[in-house]
Amino acid sequence: MNQKSHLIFTLYTIYGILLKGISGQYPLVQNMTVTEGGTVNMTCRVEYNDNTSLQWSNPAQQTLFFGDKKALRDNRIELMHASWSELTISISDVTLTDEGMYTCSLFTMPVRTAKAYLTVLGVPEKPEIDGLTKPALEGDQITLTCMTQGSKPAADLRWFRNEKEVKGAKEVNASGKTFTVRSSLQLHVDRNDDGVAYTCKVDHVALTQTPQQATEVLEVHYAPHVKIISSLVVPQEGQYLKLECMSKGNPSPDPVMWTKDGGELPDLDRMIVEGRELTFTSLNKTDNGTYRCEASNHLGTSSAEYVLYVYDVPTTLPPSTTPPLHPIPPDPTAQLGTHASDPTVTGNRDPNAIGQHGTDHALIGGVVAVVVFVTLCLIIVLGRYLARHKGTYLTNEAKGADDAPDADTAIINAEGNHAHAEEKKEYFI
């Protein structure tokens, strides 16, 4: 290598070293995000430093630390690490006022700086639900409002009816650096809302674990609804029968009132009332009638009726040549003889009584058919028998009397003509 080439190589080497030194003396920082009330570490590094000091300043350009020397009296700010290549400080109990641009300075000639932005997340407060009326009345229109304050950025509110999400109307208002968020939910209250839990949940980036939420349980008052359930589908004489008055209302319509045919129960020895149940220890025909159960609360009155018809105990019929009769049994899924006191219902006949009459007529018709059939068979058989054996039969004397002058001769002639007896028979056709 000649002298000129060596000089060029030396110049390039010196230039590279100078470039490396210049680039390595620029401080390196990173933007940070912290939740309000939390702790954050701010770090400033340099790759190459010729014993030049590093310094951290806050958004107000107040020096926090110059090297390892604390410049601002703030007990929340502490030194974590200080060297020629790194300066790390810690800020605890961060507030929204700590948010902003922080500057790391390297005091070279000229001074080189790097800026890092500290973002502080505002934690939303626990939500509150307003607008709930306790108790609400069936048919009311109510509006539930959920509100949370202090979120940054603005929080999201979600409504749930029990476990199913429902949509509400959201409203966001700025309040300084934070936001106030409201969400409203309009309800047309009915009895199905009684005991339902409405929950408002807050979703926000600052809530890393479970979201904040508030829950209100609706209490809805409504008029009672009554129906009667029977323990027997086809009640018969001597059986045990229980009628249960199922009443649903809020407040609970206790107790219920039982009547028969518009008056008091006639036989309290056999008709026992216990709570909502009417029990017959042993049914008989005198129990036939319309039984009414009535329940009421401060919102209204409801009733239901059960038409009781007591069947006869079935008897066993003798074997018959005719096919057996099978009357259609009542539908076991139906509420036998029961109807609620709805103004739209007009009259209700006893299905049990109708079924009984149908069964009696069928049995009588079957017996009559059997008797007529047997009588016709006997007449036909007797007629055929009489027709087969009807005619004129002659004695031995008569058989020989045609040509004999006296009785002895007639007998002799009859014995002789026995072979020709068939010719003397007369038949009626």
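Numbering of residues starts from 1 in each chain and follows the order in which that chain's sequence is written. Local features in this predicted model are restricted to residues whose pLDDT is 70 or higher, and side-chain atom pairs enter the listing and the counts only when it is 80 or higher, whereas totals over whole chains, interfaces and linings include all residues. Each side-chain value is derived from all of the structure's non-hydrogen atoms; neither hydrogens nor water enter the calculation.

J.: Would you explain the overall build of the chain in this entry?
T.: Secondary structure elements are defined from DSSP: runs of H or I of at least 4 residues count as helices, runs of E of at least 2 residues count as strands, and each element is numbered from the N terminus. Each helix and strand in the chain was counted, giving four helices and 28 strands. Relative accessibility thresholds used throughout: buried, under 20% of the residue-type maximum; exposed, over 50%; partly exposed, between the two (1.4 Å probe, protein chains only). When the 429 residues of the chain are sorted by exposure, 31% land in the buried category.

J.: What should I look at first to understand the layout of surface pockets in this one?
T.: If a probe the size of a water molecule is rolled over the atoms, the empty space left behind becomes visible. Both site types are read off a 1 Å grid over the protein atoms alone. A 1.4 Å probe that fits but cannot get out defines a cavity, while an open set with protein on both sides within 12 Å along at least five of seven lines defines a pocket; lining residues have an atom within 4 Å of a point. Grid points are joined across faces, edges and corners, and a volume is the space filled by probe spheres set on the points. Approximately 170 Å³ is the volume attributed to the second largest pocket. As for the second largest pocket, its lining consists of Asn49, Thr52, Ser53, Leu54, Phe66, Gly67, Asp68, Ala82, Ser83, Trp84, Glu86 and Leu87. Partitioning the lining of the second largest pocket into residue classes produces five nonpolar, five polar and two charged. Residues are grouped as follows: Ala, Val, Leu, Ile, Met, Phe, Trp, Tyr, Cys and Pro are nonpolar; Asp, Glu, Lys and Arg are charged; every other residue, Gly included, is polar.

J.: How do you make sense of the sheet that holds strand β14 (residues 164-166) when you look at a structure like this?
T.: Strand pairing in a sheet takes place through backbone hydrogen bonds and is either antiparallel or parallel in direction. Here a strand pair is declared whenever DSSP counts at least two bridges between the two strands. Taken together, four strands build an open sheet; the order of strands is β14-β13-β17-β18 and the sheet is antiparallel. With one partner strand each, in any of the chains shown, β14 and β18 (212-217) form the two edges of the open sheet. Taken pair by pair, the neighbouring strands of this sheet meet at an average axis angle of 30 degrees, ignoring direction. Both strand β13 (residues 156-161) and strand β17 (residues 197-203) contribute to a ladder of six bridges, which runs antiparallel. Note that in β17 the partner of Phe160 across the bridge is Thr199. Lines are fitted to the C-alpha atoms to define the axes, a helix being fitted only along its stretch in contact, and any angle between axes, read from their N-to-C directions, falls within 0 to 180 degrees.

J.: What is the right way to look at unusual backbone geometry in this model?
T.: Among all residues except glycine, the phi angle is most often negative; among peptide bonds, the trans geometry is most common. Note the cis peptide between Lys134 and Pro135, where omega equals -10 degrees. Of note, Pro135 is situated in the loop between β10 (128-130) and β11 (136-137). Following Asn250, the chain continues into Pro251 via a peptide bond in cis, with omega recorded as 5 degrees. A positive phi angle, close to 55 degrees, is found at Asn162, a residue other than glycine. Inspection of the secondary structure puts Asn162 in the loop between β13 and β14. A residue is classified by how much of its surface remains accessible, and Asn162, at 38% relative accessible area, is partly exposed.

J.: Would you explain the pattern of salt bridges in this entry?
T.: For side chains bearing opposite charge, pairing can occur when the charged atoms are close. The salt bridge definition used is simple: a Lys or Arg side-chain nitrogen within 4 Å of an Asp or Glu carboxyl oxygen. Taken as a whole and judged by the stated rule, the model has 17 salt bridges. In this structure, Arg191 and Glu138 form a salt bridge, with 3.1 Å as the shortest nitrogen-oxygen distance. With a gap of 53 residues between them, Arg191 in the loop between β16 (178-188) and β17 and Glu138 in the loop between β11 and β12 (141-151) connect regions that are remote in the sequence. For Arg158, the salt bridge goes to Asp203, with nearest N and O atoms at 2.9 Å. Taken as a pair, Arg158 in strand β13 and Asp203 in strand β17 lie far apart in primary sequence, 45 residues in all.

J.: Can you help me understand the sheet that holds strand β22 (residues 271-274) in this one?
T.: A sheet is described by the order of its strands in space; here five strands give the open sequence β11-β19-β20-β23-β22, paired in mixed fashion. Edge positions in the sheet fall to β11 and β22, since each of these pairs with one other strand and no more. Across four bridges, strand β20 (residues 241-250) lies against strand β23 (residues 277-280) in antiparallel orientation. Bridge pairing in β23 places Leu243 opposite Leu278.

J.: Explain the state of the cysteines to me, please; I cannot follow it from the model alone.
T.: Here, two cysteine sulfur atoms that lie within 2.5 Å of each other are counted as a disulfide. Overall, the coordinates contain three disulfides when judged by the stated rule. Residue Cys44 pairs covalently with Cys104 via a disulfide, S to S 1.8 Å. Across the S-S bond linking Cys44 and Cys104, the dihedral sits near -80 degrees, which makes this disulfide left-handed. Residue Cys44 is found in strand β2 (residues 40-45), and its partner Cys104 is found in strand β8 (residues 100-106); the two are separated by 60 residues along the sequence. Here Cys245 is linked by a disulfide to Cys293, with a sulfur-sulfur distance of 1.7 Å. Its S-S torsion of approximately -75 degrees makes the covalent link between Cys245 and Cys293 left-handed. Residue Cys245 is found in strand β20, and its partner Cys293 is found in strand β24 (residues 289-297); the two are separated by 48 residues along the sequence. With respect to class, Cys245 is no different from Cys293; both count as buried.

J.: Got a minute to help me understand the environment of Thr97 in this structure?
T.: Inspection of the secondary structure puts Thr97 in the loop between β7 (86-91) and β8. The definition of a polar contact used here is a pair of N or O atoms within 3.5 Å, where within protein one atom must be able to donate a hydrogen and the other to accept one, and adjacent residues in sequence count solely through side-chain atom pairs. A polar contact is formed between the side chain of Thr97 and the side chain of Thr95, at a distance of 2.7 Å.

J.: Help me out: how do you make sense of the confidence of the model for the chain in this one?
T.: Mean pLDDT over the chain: 80, with 74% of residues reaching 70 or higher. A residue's pLDDT is the confidence the predictor assigns to it, expressed on a 0 to 100 scale. Contacts are residue-level and defined by heavy atoms, with any inter-residue pair within 4.5 Å sufficient. For the stretch residues 320-358, pLDDT sits under 50, and the model shows 58 contacts to residues farther than four places along the chain or on other chains. Confidence drops under a pLDDT of 50 for residues 418-429, and excluding neighbours within four residues, the segment shows seven contacts in the predicted structure.

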